[in-house]
Amino acid sequence: MRRPPETPSADEPAITGEAVRADHLRAADPASLTEEEAAAELAALAGEIAAADIAYHQHDAPVMTDAAYDALRRRNAAIEARFPELKRGDSPTEAAPGAPPAAGFAKSRHFTPMLSLDNAFGAEDFAEFAARIRRFLGLPAEEVLRFVAEPKIDGLSVNLLYEAGRFVRGATRGDGTVGEDITRNLLTLDELPQTLPAPYPARIEIRGEVFMTKAEFLAFHAEQTRLFEERERRREAGERVGEAIRVPVNPRNAAAGSLRQLDPAVTAKRPLRLFAYAQGESSEPVAETHSGYLQRLRDWGFQVNPLSRLLPDEAAAAGFQAEMGRERSGLAYDIDGVVYKLDRLDWQARLGFVGRAPRWAIAWKFPAEVATTRLLAIEIQVGRTGALTPRAVMEPVGVGGVLVRHATLHNEDEIARKDVRVGDTVELQRAGDVIPQILCVVDPDRPGRGVPWVPPTHCPACGSHAVRPEGEVVRRCTGGLICPAQQVERLIHFAARNAMDIDGLGIENVEQLHREGLVATPADLFRLAPKAEAMRAWPGWGAKTKGGASRKVENLLKAIEARRRPSLERFLFALGIRRIGEQNAKLLARHYHTVEAWREAMLAARVVGSEAREALGSIQGIGPAIAQELVEFFAEPRNLDALDDLLTEVTPEPAEAVAEGVLSGKSVVFTGSLETMTRQEAEARAEVLGAKVVKSVSKKTDFVVVGTDAGSKATKAAELGLRVLSEADWREMAGFDA
Ligand code: IVH
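Okay, so let's go over this structure. (Residues numbered from 1 in each chain as written. Predicted model: local features only at pLDDT ≥ 70, side-chain atom pairs only at ≥ 80, totals over all residues. Heavy atoms only, no water.)

For the protein, the count of helices and strands is 26 helices and 26 strands. Counting all 738 residues of the protein, 52% fall into the buried class. For the protein, long-range pairs separated by at least 24 residues make up 71% of all intrachain contacts whose partners lie at least 6 apart in sequence. For the protein, the exposed area adds up to about 32900 Å²; of that, 53% sits on carbon and sulfur atoms. (Helix = DSSP H or I, 4+ residues; strand = E, 2+ residues; numbered from the N terminus. Buried < 20%, exposed > 50% of the residue type's maximum accessible area, 1.4 Å probe, protein only. Contact = heavy atoms within 4.5 Å. Areas by Shrake-Rupley, 256 points an atom, 1.4 Å probe, with all protein chains shown as cover.)

Right, here's the structure in full:
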């Protein structure tokens, strides 16, 4: 079962309701605070805002919603206004939001700082902004103020430096003064002009926003979720996995993460777009008005948001704001407000800046898209890896022009923390315009509330036991082989190169066989022959080629037939039991030799304290957590049925006795850390080669492998005159480099 795209992965970093709740607590009127309280709160706010800035700008992993962040800054400004003498040296109002550049990119200093914008939250704020301009410039009431209105896109702002008409450098905003040099990444953007048609100034900094559309984001989100789950499964199976996969929470997050890749080839694959909207340093003036400047940008080949508009007077702002509010949900990209910029650049120059923001521009934000509705049910979705994710089903409610029925609840701890119960009225928010989430329960103290939610004991997709291993946040279905939600993933794993190695059975073919109802469990693969005719009728499966009929079906059936006698270790690995990766499968195969012996031992091991359980747990490298996973697999009778069914089709070859070698029968101690492999891998290999791995050094020890920072064991080995091996000696002896 695939997750519908509206539902985010349970694995994405949650923007929790914490910050929002903290904001509610901070409702006290600043005027009612004592000086001491105010000072303490300013200190706390400076820390919280700085931490949020770093999380957002440097790690692309926001820890609070934009609305909560804005609320913190507003609160900070309000307290400072009331207690100006308490304003701190590190006051957030003095610095542009941002964070110093992260390691990994060269630094790039902007010729003109990249500042931020003050916010307006309603018509009054906007009127005050315009009045301030009039006051500052000493303009009479009849003087018309024209503003350019530009939708404010939620993306990542960039500074683009052009010299002699050529793009020479591009940077993120960073802390406003120094950003990260992301020139190579920016060069992969189709919408970035690499040269400007003349005339152009000798040097100019052009600023704009890099972003991802909502549709591109959804597709990217789904793909990253798939990769994340695949990696999780491999990791749980004990396989080596590469770098962590980030699942972005919203389009801004996705754009920022994509642009801040150390490898531009990764950026190039991401669907990033660019709108230009501002200027930094310029060696000569390029326009007299901002609208004129936008025209120059268009002439130079930049994309300028087509919704940008020169308004006839300041009164037109409210209408534009309302219009964008209505259009918002239908736009291809997220906007969180409208930026209004005074059109005349000579006035802009006179107005200048105050603190972190210009006096001539303001960002009129949309109200946070919050709605309240009733929670009808909490349903469970089963992911491809068996993770059970709770999802809220609500009375449909419009949030920002989109009808929302479902919201993510992330995991059971989150439900407990927010104490969300069926029947509650809940506050809902669409974060980044795409993913709805429940913020909090409205009136949690009302009498007659429902009962706290209880997590399921069984998988809703297949009825197998659902367990939540100690120390983990996710509950999982144990019916790996038979759970319809997990079948496709299991089959892909089963057929993979390092598992059963069935040629031609990649993701797409597995998905098709499953979709057409021909294959549900691994055993079904071996019963495909009579279905060959039906398969040939599928587009692309039996089409004629120049040389005659396509041999796709024949080749696939042949590849499957060729795997009826796999090695026991491949077979065990292919079953996809949690934590049974290639190494552990090898250990089991070596220990039990035949599939029958293994099967019998696993059945017996279901009894806690049994001899079989003890024996399983004491296999070197297996340990209690892995033993537990095996036992859980066998505790589900339908897994056993599926296994037995598979064994009617497949006959695993008994594992060979360990070849006699330098290590067989020897006792080995590892000490210190190894650089090229984990301790677990080293120990497993020693076992496979017939050695006994022991923990302490004694006269009976044959070899002591000494890594870096080895302690007393190495000293003792030397004292006893034992054979000491370096990591390189060990690699050679164990045949790693053969
Ligand atoms: S003008 C001093 N124009 O909003 C001028 N900014 O809160 C500052 N943004 O860092 C920027 N759309 O990331 C400007 N049309 C627009 C914008 C825009 C989005 C972002 C930008 C900036 C932030 C300021």
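With that settled, consider the site of the ligand. Near the ligand, the surroundings consist of 13 residues, among which Glu150, Lys152, Arg173, Glu209 and Lys341 are the closest. Note that a nitrogen atom of the ligand is positioned 2.6 Å from one of the side-chain N or O atoms of glutamate 150. Between the ligand and the protein, one listed contact pairs an oxygen atom with a side-chain N or O atom of serine 157 at 3.5 Å. Protein chains bury 88% of the 510 Å² of accessible surface belonging to the ligand in isolation. Elements with a contribution of two residues or more to the shell around the ligand: strand E3 (147-153) and strand E10 (335-342). For the shell around the ligand, the leading source of residues is E3, giving three residues. For the shell around the ligand, the per-class residue count stands at six nonpolar, two polar and five charged. (Near = heavy atom within 4 Å. Polar contact = N/O pair within 3.5 Å; in protein donor to acceptor, adjacent residues only side chain to side chain. Nonpolar A, V, L, I, M, F, W, Y, C, P; charged D, E, K, R; others polar.)

Taken as a whole and assessed by the stated rule, the structure comprises 45 salt bridges. A salt bridge links arginine 563 to aspartate 501, with the shortest nitrogen-to-oxygen separation between them at 3.5 Å. Linking arginine 563 in the loop between helix H17 (552-561) and helix H18 (568-574) with aspartate 501 in the loop between helix H13 (487-495) and helix H14 (507-515), this pair joins segments that are 62 residues apart in sequence. (Salt bridge = Lys/Arg side-chain N within 4 Å of Asp/Glu carboxyl O.)

Where helix H19 (residues 582-592) meets helix H24 (residues 679-688), the closest approach of the two axes is 10 Å, and the angle between their N-to-C directions is 25°. As summarised for this structure, H19 and H24 are arranged roughly parallel, according to the angle between their axes. Of the two possible hands of crossing, H19 and H24 adopt the one that is left-handed. Contact residues: Gln583, Asn584, Lys586, Leu587 and Arg590 in H19; Gln680, Ala684, Glu687 and Val688 in H24. Taken together, the residues of the contact of H19 with H24 break down into three nonpolar, three polar and three charged. (Axes fitted to C-alpha atoms, helices over the stretch in contact; angles between N-to-C directions. Parallel < 35°, antiparallel > 145°, perpendicular 65-115°, else oblique. Left-handed = near helix turned anticlockwise from the far one by under 90°.)

Excluding glycine, residues mostly have negative phi values, and the peptide bonds linking residues are mostly trans. Alanine 198 connects to proline 199 through a cis peptide bond whose omega is 0°. Phi is positive for aspartate 443, close to 55°, though the residue is something other than glycine. The class of aspartate 443 is partly exposed, set by a relative accessible area of 42%. The backbone phi angle of arginine 579 is positive, close to 70°, even though this residue is not glycine. Mapped onto the secondary structure, arginine 579 falls in the loop between H18 and H19. Of the residues examined, arginine 579 reaches a relative accessible area of 27% and is grouped as partly exposed.

Along any regular strand, the residues point their side chains to alternate faces of the sheet. Counting buried positions over the five residues of strand E23 (residues 667-671) gives five, a clear majority of the element. Burial along E23 is two-sided: the residues Ser667, Val669 and Thr671 and Val668 and Phe670 are all buried. In this region the chain leaves E23, passes through H24 and returns to the parallel neighbour strand E24 (residues 692-693); the handedness of that crossover is right-handed. (Right-handed = clockwise from strand over helix to strand, strands pointing away.)

A few words on empty space enclosed by the protein. Rolled over the atoms, a probe sized like a water molecule indicates the empty space that remains. Summed over the entire model, instances satisfying the criterion amount to five cavities of 30 Å³ or more. The volume enclosed by the largest cavity comes to roughly 230 Å³. Lining the largest cavity are 20 residues; nearest its centre among them are Cys477, Thr478, Arg490, Arg578 and Glu629. Only helix H6 (214-236), strand E20 (475-477) and helix H22 (623-635) provide two or more residues apiece to the lining of the largest cavity. Here the lining of the largest cavity gets three residues from one element, more than from any other, and that element is H22. (1 Å grid on protein atoms, 1.4 Å probe; cavity = no way out; pocket = protein on both sides within 12 Å on 5 of 7 lines; lining within 4 Å. Points joined across faces, edges and corners; volume = space filled by probe spheres on them.)

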